[in-house]
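Observations on the three-dimensional arrangement
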There are 2 protein chains.
Amino acid sequence: MTACADCPVRNRAICSVLEDGERAILSQIGHRQSLSAGQTLMWEGDKSSVVANVIEGVLKLSTSLGDGREQIVGIAYPADFVGRPFGDQTRYTISAITDARIHSFPRAGFEKFAQEHPKLEHRILERTLTELDNSRQWMLLLGRKTAQEKLATFLLDMSERLKDECCDEILAPLDKFTLPFGRQQIANILGLTIETVSRQLTELTKADLIKLPDQREVLILDRNRLQELTDL
Amino acid sequence: MTACADCPVRNRAICSVLEDGERAILSQIGHRQSLSAGQTLMWEGDKSSVVANVIEGVLKLSTSLGDGREQIVGIAYPADFVGRPFGDQTRYTISAITDARIHSFPRAGFEKFAQEHPKLEHRILERTLTELDNSRQWMLLLGRKTAQEKLATFLLDMSERLKDECCDEILAPLDKFTLPFGRQQIANILGLTIETVSRQLTELTKADLIKLPDQREVLILDRNRLQELTDL
DNA sequence: CGTGCGATTGACTGTCCTCAACATGGGTGG
DNA sequence: CCACCCATGTTGAGGACAGTCAATCGCACG
């Protein structure tokens, strides 16, 4: 049931550094779990009791102020690892943005296993370092970029992660992808309001840099000019 | 010369998890180095060739846009670890804010040593996870807080890190500390302009929440009300 | 005593937010 | 099947907060 053999992320998730035998043991420490869109896995401030691999779907990590203002501080795609090992508190809320499947582990059991398998810890370290680099890059966006620059950066960033597999076209001179986010969530990622996001998207559309065939679909028409707008 | 015995951070830096013998070996992989205020250790985009422990002084990690807008994405105090192990590129500039001393290691040698000492890697992992939590918390500030909230948060944050050792007073009902930053750098930490920082500080002073005896010194007069202004 | 750097203050501007109306589209029930 | 509704997104008008530009201050240093 929790067999790794048919796991779609077995070659990319952190467990890919383990031997089959080791992986089977780790697998049995936890279990697969389904989340429906909107469902929250753990809350900011909770005791950290669970960590997980994302198998399918998209999760968001978010934190918020007393009056409800929210900031999304991370996004987890399939093969990503979520949760806070080696610490007793989760400092952000983890929720499913789309329907999702994860393989979750009780933190204690996972930590014990990890400490006995340094190569797994090493893999987690590498990921965490990359996450830290990314989040610092995002701080530049939040602190210093204009609304237009934020959206240009966001769209290019998404296009890297979400390049539609279904490339029916002969070539792909303009790429197309489907956002897993609604406008409000884009706003919460970029530190803007939903109205500003909407306005900037229509601006970019009017300027023929992008096309929005549908609320969630994006076509990048002019990657170069979009790149220039990111100001980096 | 590079003896650990007299190192002021030996009990707090990552090497504190090592035995004396191991630590001596690690020590000899690198060397102590002095940095004067303003001096840059490594540049954003450089090949990552060095990592280091901070022994004394304060360093900043920063990244910037094409036109010079800068965002400070991290601050390193004594006993902190800087640089990017297990990755070939540094994604932010590391510079000394005050005169500083570090113990730096060629990345390759350090990595080899770390891989042979899982408990050191584990310590680095713990630190990196904490750093990631902190940087995500800071994203909330950058994306969602007002100028006033940013400054209140900043001042309380600094007071935690910088509580003046020299507590001559019987008790410390109001705490005092000296910022290692000028106004421009505060602005670059908070994602504001220098003028806004200055104005907000005078506001807080007029409201008798703080006192600024000198450009770098801060007295917190009313920690509770300041806490309320952080809106969390 | 002048020079220069950092910080402060002021006047004005612009970007983004707020509030509100309106559009769109998918789902449900009559 | 259509009318209605609700959720989501767009558009508009007006305002506020922080940015820009510029003058002034204070202080350390030569």
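Basis of the calculations
Residues numbered from 1 in each chain as written. Chains lettered and ligands numbered in written order. Predicted model: local features only at pLDDT ≥ 70, side-chain atom pairs only at ≥ 80, totals over all residues. Heavy atoms only, no water. Domains from an automatic or database assignment. Contact = heavy atoms within 4.5 Å. Buried area = accessible area lost by both parts, 1.4 Å probe. Salt bridge = Lys/Arg side-chain N within 4 Å of Asp/Glu carboxyl O. Polar contact = N/O pair within 3.5 Å; in protein donor to acceptor, adjacent residues only side chain to side chain. Helix = DSSP H or I, 4+ residues; strand = E, 2+ residues; numbered from the N terminus. Nonpolar A, V, L, I, M, F, W, Y, C, P; charged D, E, K, R; others polar. Buried < 20%, exposed > 50% of the residue type's maximum accessible area, 1.4 Å probe, protein only. Pairing = 2+ DSSP bridges. UniProt positions renumbered as here; feature names shortened; annotations may be inferred. Near = heavy atom within 4 Å. Axes fitted to C-alpha atoms, helices over the stretch in contact; angles between N-to-C directions. Parallel < 35°, antiparallel > 145°, perpendicular 65-115°, else oblique. Left-handed = near helix turned anticlockwise from the far one by under 90°. Core = buried A, V, L, I, M, F, W, Y, C linked by side-chain atoms within 4.5 Å. Arc of directions from axis to C-beta.

**With respect to the domain arrangement of chain A**
Residue and element names in this part refer to chain A. If you check the domain split of chain A, you get domain 1 (14–142) and domain 2 (145–229). When each unit is reduced to the centre of its C-alpha atoms, the spacing between domain 1 and domain 2 is 26 Å. The interface is formed by 13 residues belonging to domain 1 together with 15 residues belonging to domain 2. Summing the contributions of domain 1 and of domain 2, the shared interface buries around 1,300 Å²; its carbon and sulfur component is 66%. The largest share of the area that domain 1 buries against domain 2 comes from Y77, W138 and L141, three residues that together contribute 44% of it. Remark: the boundary between domain 1 and domain 2 carries zero salt bridges. Where domain 1 touches domain 2, the interface holds six residue pairs in polar contact (both at pLDDT 80 or more). Taken together, the elements giving at least two residues each to the side of domain 1 that touches domain 2 come down to β5 (70–76) and α3 (118–144). Taken together, the residues that form the side of domain 1 that touches domain 2 break down as nine nonpolar, two polar and two charged.

**Examining the pairing of strand β4 (residues 59–64) of chain A**
Residues and elements named next belong to chain A. When you tally the buried positions in β4, you get five out of six residues, the bulk of the element. One ladder, built from six bridges, connects β4 with β5; its direction is antiparallel. For L59, the partnering residue across the bridge sits in β5 and is A76. Two elements, β4 and strand β7 (residues 93–96), share four bridges in a ladder whose sense is antiparallel. Across the sheet, L59 pairs through a bridge with A96, a residue of β7.

**Points about the UniProt feature "domain: Cyclic nucleotide-binding" (unreviewed entry) in chain A**
Listed under "domain: Cyclic nucleotide-binding" (unreviewed entry) in the UniProt record, and renumbered for this structure, are residues 14–131 of chain A. Helix makes up 29% of residues 14–131 of chain A and strand makes up 36%, while its end C-alpha atoms are separated by 14 Å.

**Examining the protein's contact with DNA strand C**
In the vicinity of DNA strand C lie 17 residues, with A147(A), T196(A), R183(B), S198(B) and T202(B) positioned nearest. In this structure, a base nitrogen belonging to DNA strand C sits 2.9 Å away from a side-chain N or O atom of E195(A). At the level of secondary structure, the elements contributing two or more residues to the surface near DNA strand C comprise α6 (194–206) of chain A together with α5 (183–190) and α6 (194–206) of chain B. Of the residues forming the surface near DNA strand C, the biggest block, five residues, is contributed by α6(B). Looking at the surface near DNA strand C, its residues break down into three nonpolar, nine polar and five charged.

**Observations regarding the pairing of strand β10 (residues 210–214) of chain B**
Note on strand geometry: in a regular strand, side chains alternate between the two faces of the sheet. Residues and elements named next belong to chain B. Strand direction decides the pairing type here: β10 and strand β11 (residues 217–220), joined by three bridges, are antiparallel. Among the inter-strand pairings, K211 is bridged to a residue of β11, identified as L219. Hairpin connection, β10 to β11: the antiparallel pair is bridged by two residues.

**Observations concerning the protein's contact with DNA strand D**
Around DNA strand D, 16 residues are found, and the nearest of them are S198(A), R199(A), T202(A), A147(B) and T196(B). By atom count, sugar and phosphate contribute 67% of the portion of DNA strand D lying within 4 Å of the protein. Within the contact set of DNA strand D, a base nitrogen lies 2.8 Å away from a side-chain nitrogen or oxygen of R199(A). Separating a base oxygen of DNA strand D from a side-chain N or O atom of R199(B) is a distance of 2.9 Å. For the surface near DNA strand D, the secondary structure elements donating two or more residues are α5 (183–190) and α6 of chain A together with α6 of chain B. Looking at the surface near DNA strand D element by element, the count peaks at four residues for α6(A). For the surface near DNA strand D, a count of residues per class yields two nonpolar, nine polar and five charged.

**Some thoughts on the packing of helix α3 (residues 118–144) of chain B against helix α4 (residues 147–162) of chain B**
Residues and elements named next belong to chain B. Interhelical geometry of α3 versus α4 gives an angle of 155° and a closest axis separation of 9 Å. Taken together, the axes of α3 and α4 lie roughly antiparallel to each other. Judged by the sense of rotation from one axis to the other, the crossing of α3 with α4 is left-handed. Here W138, L141, L142 and R144 of α3 lie close against α4, whose contacting residues are E149, K150, T153, F154 and D157. Among the residues making up the contact of α3 with α4, the classes are represented as four nonpolar, one polar and four charged.

**Things to note about the interface of chain B and chain A**
Taken together, the contact between chain B and chain A spans 51 residues of the former and 51 residues of the latter. In this assembly, chain B packs against chain A so that about 4,600 Å² is buried in total across both faces, 55% of it on carbon and sulfur atoms. Three residues, R136(B), M139(B) and R144(B), lead the burial of chain B against chain A; their summed loss comes to 18% of the area buried on that side. Counting every contact that joins chain B to chain A gives six salt bridges. The closest approach of N and O atoms between R69(B) and E149(A), which form a salt bridge, is 2.8 Å. Our count for the chain B to chain A interface comes out at 27 residue pairs in polar contact (both at pLDDT 80 or more). Among the secondary structure elements, those contributing two or more residues to the side of chain B that touches chain A are β4 (59–64), β5 (70–76), α3 and α5 of chain B. Taken together, the residues of the side of chain B that touches chain A sort by class into 19 nonpolar, 17 polar and 15 charged.

**Considerations on the environment of S64(A)**
Along the chain, S64(A) falls in strand β4. Sequence separation between S64(A) and C7(A) is 57 residues; the distance between their C-alpha atoms is 34 Å. Ignoring anything within four residues of it in the chain, the contact list for S64(A) reads E44(A), R69(A), E70(A), L140(B) and L232(B).

**Topic: the nonpolar core**
Ranked by internal contacts, the top residues of the largest apolar core, which has 93 residues, are L59(A) and L59(B). The contacts of L59(B), once residues within four sequence positions are left out, are L35(B), V54(B), G74(B), I75(B), A76(B), V82(B), I94(B), S95(B), A96(B), I97(B), A100(B) and I102(B).

**Topic: helix α1 (residues 20–29) of chain A**
Residues and elements named next belong to chain A. Burial in α1 covers these residues: E22, R23, L26 and S27. Burial along α1 is one-sided: seen end-on, the buried residues are contained in an arc of 140°. What points out from α1, more than 90 degrees from its buried face, is the exposed set I25 and Q28. Where α1 is buried, its residues touch β1 (31–35), β8 (100–106), α2 (107–116) and α3.

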